[in-house]
Amino acid sequence: MYPRPIPQTARAARALYVALVAAILVVWLAPLLAIILTSLRATNDVASGNLWGWPTEFGAVDNYERVFTQSPMARFFLNSLMITIPAVIGVLVLSTLTGFVLAKYRFPGGRAVFAMFIGGNFLPAQIIMIPVRNLMLTLGIYDTHWALIIFHVAFQTGFATLFMRNFIAALPGELFEAARAEGASPFQTLRHVVIPLVRPALGALAILIFTFIWNDYFWAVVLVVNDTVKPVTAGLANLRGEFVSQWNILSAATVVVAVPPVVMFFLMQRHFISGLTAGAVKG
Amino acid sequence: MPKLQLSRVTKSYGAFHALKAIDLSVDPGEFIVMVGPSGCGKSTLLKAIAGLEAITSGSIVINGRDVTSAQPSDRGIAMVFQSYALYPHMTVAENMGFGLRMANRPKEEIRVAVERAAATLRLTDQLEKLPRQLSGGQRQRVAIGRAITRSPEVFLFDEPLSNLDAALRTQMRVELASLHAQLNATMIYVTHDQIEAMTMASRIVVLNAGRIEQVGSPLDLYRNPDNQFVAGFLGAPRMNFLAGTVEAIVGGVATIQLAGASAYAMPLRPGADLAPGSAVTVGLRPESLTPTDGAGIPGTVRLVELLGRETILYVDAGPLRSVGSDTGTANLTVHVASAVAAPPGAAVRLRFNPDDAYLFGGDGLRTLSAPKSI
Ligand SMILES: Nc1ncnc2c1ncn2[C@@H]1O[C@H](COP(=O)(O)OP(=O)(O)O)[C@@H](O)[C@H]1O
Ligand SMILES: [Mg+2]
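Everything numeric here is computed off the predicted structure, so don't read it as measured data.

## Details of the overall build of chain B
Phase 1 of the analysis: A tally of regular secondary structure across chain B gives eight helices and 21 strands.
Phase 2 of the analysis: The proportion of buried residues among the 374 residues of chain B is 51%.
Phase 3 of the analysis: Counting contacts in chain B only where the partners sit at least 6 residues apart, residues at least 24 apart contribute 65% of the total.
Phase 4 of the analysis: Accessible surface, chain B as shown: approximately 15800 Å² in total, 51% of it carbon and sulfur.
Phase 5 of the analysis: Where the 35 positive side-chain charges of chain B centre and where its 33 negative ones centre are 4 Å apart.

## Section: the site of ligand 1
All names here are of chain B.
Phase 1 of the analysis: Looking at ligand 1, the residues that line it are Y13, F16, A18, S38, G39, C40, G41, K42, S43 and T44.
Phase 2 of the analysis: C40 is positioned such that a nitrogen or oxygen atom in its backbone is 3.3 Å from an oxygen atom of ligand 1.
Phase 3 of the analysis: Coverage of ligand 1 by the protein chains reaches 59% of its 570 Å² of free accessible surface.
Phase 4 of the analysis: Only β2 (16-26) and α1 (42-50) provide two or more residues apiece to the shell around ligand 1.
Phase 5 of the analysis: For the shell around ligand 1, the element with the most residues is α1, which contributes three residues.
Phase 6 of the analysis: Residue classes in the shell around ligand 1 are distributed as four nonpolar, five polar and one charged.

## So, the domain arrangement of chain B
All names here are of chain B.
Phase 1 of the analysis: What the domain assignment reports for chain B is domain 1 (4-232) and domain 2 (238-360).
Phase 2 of the analysis: Every contact between the two is made by seven residues of domain 1 and, on the other side, nine residues of domain 2.
Phase 3 of the analysis: Interface of domain 1 and domain 2: buried area, both sides summed, is about 800 Å²; carbon and sulfur atoms make up 46% of it.
Phase 4 of the analysis: Counting the contacts that link domain 1 with domain 2 gives four residue pairs in polar contact (both at pLDDT 80 or more).
Phase 5 of the analysis: Only α7 (218-223) and α8 (228-233) provide two or more residues apiece to the side of domain 1 that touches domain 2.
Phase 6 of the analysis: At three residues, the largest contribution of residues to the side of domain 1 that touches domain 2 is made by α8.
Phase 7 of the analysis: Of the residues that constitute the side of domain 1 that touches domain 2, the class distribution is three nonpolar, three polar and one charged.

## What about the interface of chain B and chain A?
Phase 1 of the analysis: Contacts between the two partners involve 27 residues from chain B and, on the opposite side, 24 residues from chain A.
Phase 2 of the analysis: Summing both partners gives a buried area of about 2400 Å² for chain B against chain A, and 55% of it is carried by carbon and sulfur.
Phase 3 of the analysis: When the buried area of chain B at its contact with chain A is split by residue, P88, H89 and M102 of chain B rank highest and sum to 23% of it.
Phase 4 of the analysis: On inspection of chain B and its partner chain A, the count reaches two salt bridges.
Phase 5 of the analysis: In this assembly, chain B and chain A are joined by nine residue pairs in polar contact (both at pLDDT 80 or more).
Phase 6 of the analysis: If you list the elements that add at least two residues to the side of chain B that touches chain A, you get α2 (92-102) and α4 (136-148) of chain B.
Phase 7 of the analysis: The element that contributes the greatest number of residues to the side of chain B that touches chain A is α2 of chain B, accounting for four residues.
Phase 8 of the analysis: Each residue belonging to the side of chain B that touches chain A can be placed in one class, and the counts come to 12 nonpolar, nine polar and six charged.

## A look at the sheet that holds strand β17 (residues 311-317) of chain B
Phase 1 of the analysis: Ordered by their spatial adjacency, five strands build an open sheet running β15-β19-β16-β17-β18 (chain B), and the pairing between neighbours is antiparallel. Since the sheet does not close on itself, it has two edges, and those belong to β15 (290-291) and β18 (330-336) of chain B, each with one partner.

## Details of the pairing of strand β14 (residues 279-284) of chain B
All names here are of chain B.
Phase 1 of the analysis: Burial analysis of β14 places five of its six residues in the buried class, which makes it a mostly covered element.
Phase 2 of the analysis: Bridging between β14 and strand β20 (residues 358-361) involves three bridges; their strand directions are antiparallel. Paired with T281 across the bridge in β20 is F360.

## A few points about the pattern of salt bridges
All names here are of chain B.
Phase 1 of the analysis: As enumerated under the stated definition, the model contains 14 salt bridges over all chains in all.
Phase 2 of the analysis: Between K11 and E53 there is a salt bridge; the shortest N-O distance is 3.6 Å. Of this pair, K11 sits in strand β1 (residues 4-13) while E53 sits in the loop between α1 and β4 (57-62), placing them 42 residues apart in sequence.
Phase 3 of the analysis: Of the residues examined, K11 reaches a relative accessible area of 9% and is grouped as buried.
Phase 4 of the analysis: When its relative accessible area of 22% is taken as the criterion, E53 is described as partly exposed.
Phase 5 of the analysis: Salt-bridge contacts for R122 lead to E175; the nearest nitrogen and oxygen are separated by 2.5 Å. Taken as a pair, R122 in the loop between α3 (107-120) and α4 and E175 in helix α5 (residues 166-183) lie far apart in primary sequence, 53 residues in all.

## Examining the domain arrangement of chain A
All names here are of chain A.
Phase 1 of the analysis: For chain A, the assigned domains are domain 1 (11-68) and domain 2 (72-277).
Phase 2 of the analysis: Once you take the C-alpha centre of each, domain 1 and domain 2 turn out to be 32 Å apart.
Phase 3 of the analysis: On the side of domain 2, 14 residues touch domain 1, which itself brings 13 residues to the contact.
Phase 4 of the analysis: When domain 1 packs against domain 2, close to 1200 Å² is buried across both sides, 75% of that on carbon and sulfur atoms.

## What to know about the pairing of strand β16 (residues 297-306) of chain B
Residue and element names in this part refer to chain B.
Phase 1 of the analysis: The pairing of β16 with strand β19 (residues 347-351) spans four bridges and is classified as antiparallel. From the neighbouring strand, P298 faces β19, where its bridge partner is R349.
Phase 2 of the analysis: Relative to β17, β16 runs antiparallel, the two sharing six bridges. Bridge assignment links V304 to a residue of β17, and that residue is L313.
Phase 3 of the analysis: With antiparallel pairing between neighbouring strands as the criterion, β16 and β17 make up a hairpin whose turn holds four residues, including G308 at a positive phi of roughly 90°.

## Some points on the side chain of S71 of chain A
Residues and elements named next belong to chain A.
Phase 1 of the analysis: Its place among the elements puts S71 in the loop between α3 (60-69) and α4 (73-104).
Phase 2 of the analysis: The class of S71 is buried, set by a relative accessible area of 8%.
Phase 3 of the analysis: A distance of 2.4 Å separates a polar atom in the side chain of S71 from the backbone oxygen of V67.
Phase 4 of the analysis: Filtering out sequence-adjacent residues up to four positions away, S71 remains in contact with R66, L239 and F243.

## Quick word on the sheet that holds β14 of chain B
Residues and elements named next belong to chain B.
Phase 1 of the analysis: Strand order in the open sheet formed by six strands is β13-β12-β11-β14-β20-β21, with antiparallel pairing between adjacent strands. Looking along the sheet, the strands with just one partner apiece sit at the ends: β13 (263-267) and β21 (366-367).
Phase 2 of the analysis: One ladder, built from six bridges, connects strand β11 (residues 240-250) with strand β12 (residues 253-258); its direction is antiparallel. Across the sheet, T245 pairs through a bridge with Q257, a residue of β12.

## Concerning the packing of α2 of chain B against α3 of chain B
All names here are of chain B.
Phase 1 of the analysis: Running from amino to carboxyl end, α2 crosses α3 at an angle of 130°, the nearest separation of the two axes being 9 Å. Between α2 and α3, the crossing angle belongs to the class labelled oblique. The handedness of the crossing between α2 and α3 is right-handed. Residues A93, M96, G97, L100 and R101 of α2 lie in contact with α3, whose contacting residues are I110, A113, V114 and A118.

## Regarding the environment of G203 of chain A
All names here are of chain A.
Phase 1 of the analysis: Residue placement: G203 occurs in helix α10 (residues 199-215).
Phase 2 of the analysis: Since its relative accessible area comes to 2%, G203 is described here as buried.
Phase 3 of the analysis: For the pair G203 and I249, spaced 46 residues apart in sequence, the C-alpha to C-alpha distance is 33 Å.
Phase 4 of the analysis: With sequence-adjacent residues up to four places away left out, G203 is seen in contact with M268 and F272.

Thresholds, definitions, all that
Residues numbered from 1 in each chain as written. Chains lettered and ligands numbered in written order. Predicted model: local features only at pLDDT ≥ 70, side-chain atom pairs only at ≥ 80, totals over all residues. Heavy atoms only, no water. Helix = DSSP H or I, 4+ residues; strand = E, 2+ residues; numbered from the N terminus. Buried < 20%, exposed > 50% of the residue type's maximum accessible area, 1.4 Å probe, protein only. Contact = heavy atoms within 4.5 Å. Areas by Shrake-Rupley, 256 points an atom, 1.4 Å probe, with all protein chains shown as cover. Lys, Arg positive; Asp, Glu negative; His and termini not counted. Charge placed at Lys NZ, Arg CZ, Asp CG, Glu CD. Near = heavy atom within 4 Å. Polar contact = N/O pair within 3.5 Å; in protein donor to acceptor, adjacent residues only side chain to side chain. Nonpolar A, V, L, I, M, F, W, Y, C, P; charged D, E, K, R; others polar. Domains from an automatic or database assignment. Buried area = accessible area lost by both parts, 1.4 Å probe. Salt bridge = Lys/Arg side-chain N within 4 Å of Asp/Glu carboxyl O. Pairing = 2+ DSSP bridges. Axes fitted to C-alpha atoms, helices over the stretch in contact; angles between N-to-C directions. Parallel < 35°, antiparallel > 145°, perpendicular 65-115°, else oblique. Left-handed = near helix turned anticlockwise from the far one by under 90°.

This is the structure:
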């Protein structure tokens, strides 16, 4: 039988397994740990090279305070939220609509539209960089939040559509026929049947898209220049010039930047429920 | 006025014709059961009536109103699916009230309708549960309840009991029949279960390859099938089909020579288009064959199914030839209404009354023997 109960496997194999997991965790988390530890040190320690020893004084409160008072980090952070949240909502709404239509309706050109959504993902950013920048200039939204919001919505909806379409296509077809026979309009079907059943998918997608957009550096550099619109990723690069060797401050800023995707994960976690469609069909 | 009238209903998927000019008229309160082999178009016809599939040509009239191009919800139908198709995230009450909610009916009206349906189906204690917390039989009742709350003109059922185990199926069959009587509703019911068809139907519709083969009361179809397909489809175990030749026809009675056995005189139906020398198929219901001590078709028992009250014998009847059998010999199924001790390998002789035999031949293998009394 597979998987086999743990006690049945050999002792040595089990020990090796635990050791391997521990080793991978250390390698994987080491950079993160280093940054967190550095963000807790005072400037003197960092300057004198005491990076791993016991700190002579703790600078945590001071470091994090300076990130928000002496650098434009608060502004960058706000910009990131103002870009990422509307973009994620836009992607989720659009991809639920497109995914539903592409999964459950047959219409001429449907396959071509779907292929285009998928194909768009393969366009390298470097190739569309100049056209996108020019487009934003023409639209008069270059160097505004809108440039990044609109671009991210457009670019992420392709992948998100593929994701949602496949999830919705897996829902039992008779549910849709039943809803139609009972007089539900396509929009009512979407609202009362589809969305409640694809909640886990929407939750997962929200985390994924949020992280993509929040972590985007390339387009943040290409489409905005002004500090008043810059998101955290581009802003963090700015700080490197400002706080040249103050690694404790840079580390603190980095930790601040890394927090929202983690928060997002915990917010969305309650939507990850398996077996939502249990009981719909068969018995 | 008929409740439902189908005229020349045709459905094509490209070059494939799933429904070929279906004509059917259903009276109010009728329980129509549609049977036919898998893929013959039963579900397609049901979906066409429901409006879930647009038909290619023809017309559908429900309660005197032409609904051929109406939306499913405007046709006055409710459909119960084979898979139940319950909304898994809604409670039983929400499931049953969904259609009314979509139609923006007042809350109070929905509550009353749901409670009445729940009482009819003994679901009152389950109203707040989710489908996954219910047994198969309860889920099926919820699916039926969802249909009832909308008070449709016509109920459509697509193999609603096929997911249930045998015992539950028997119970639900009885419940459905009494529900039909209680609601005095018009129902169209698709099944491939012989017993459901025979016991529940006011009339059975036999479909084959997108065409109606025959419509009639269960007993009528069983006793007087129009053709070999219907004869073979209804009745379990299946009718035996043997190859034969017409020797002579005198005064409406044909003398049929069974390949490898003796000749039998069988009365023909008036106007039967049959000439001496033509090949025919002789149909014998398993219960028409009886083991005998006297003269009869010789054979060897191959298998015995002792069912307690009755016995099914599978007999190799050497010299006879089955229609469609390539082994050359005939395997006869014999139904005996008592327990018979016949060990495999035992020799038996089988006799039958030629008046009980069916004769099929000619175009479409139509029935040529005289009609039987019911
Ligand atoms: N959407 C479709 N496209 C093409 N052929 C179809 C479609 N739906 C059903 N068919 C065909 O129509 C025939 C009848 O199907 P159906 O009505 O489901 O049969 P059943 O009698 O088993 O319910 C089948 O041969 C099936 O392959
Ligand atoms: Mg079917």
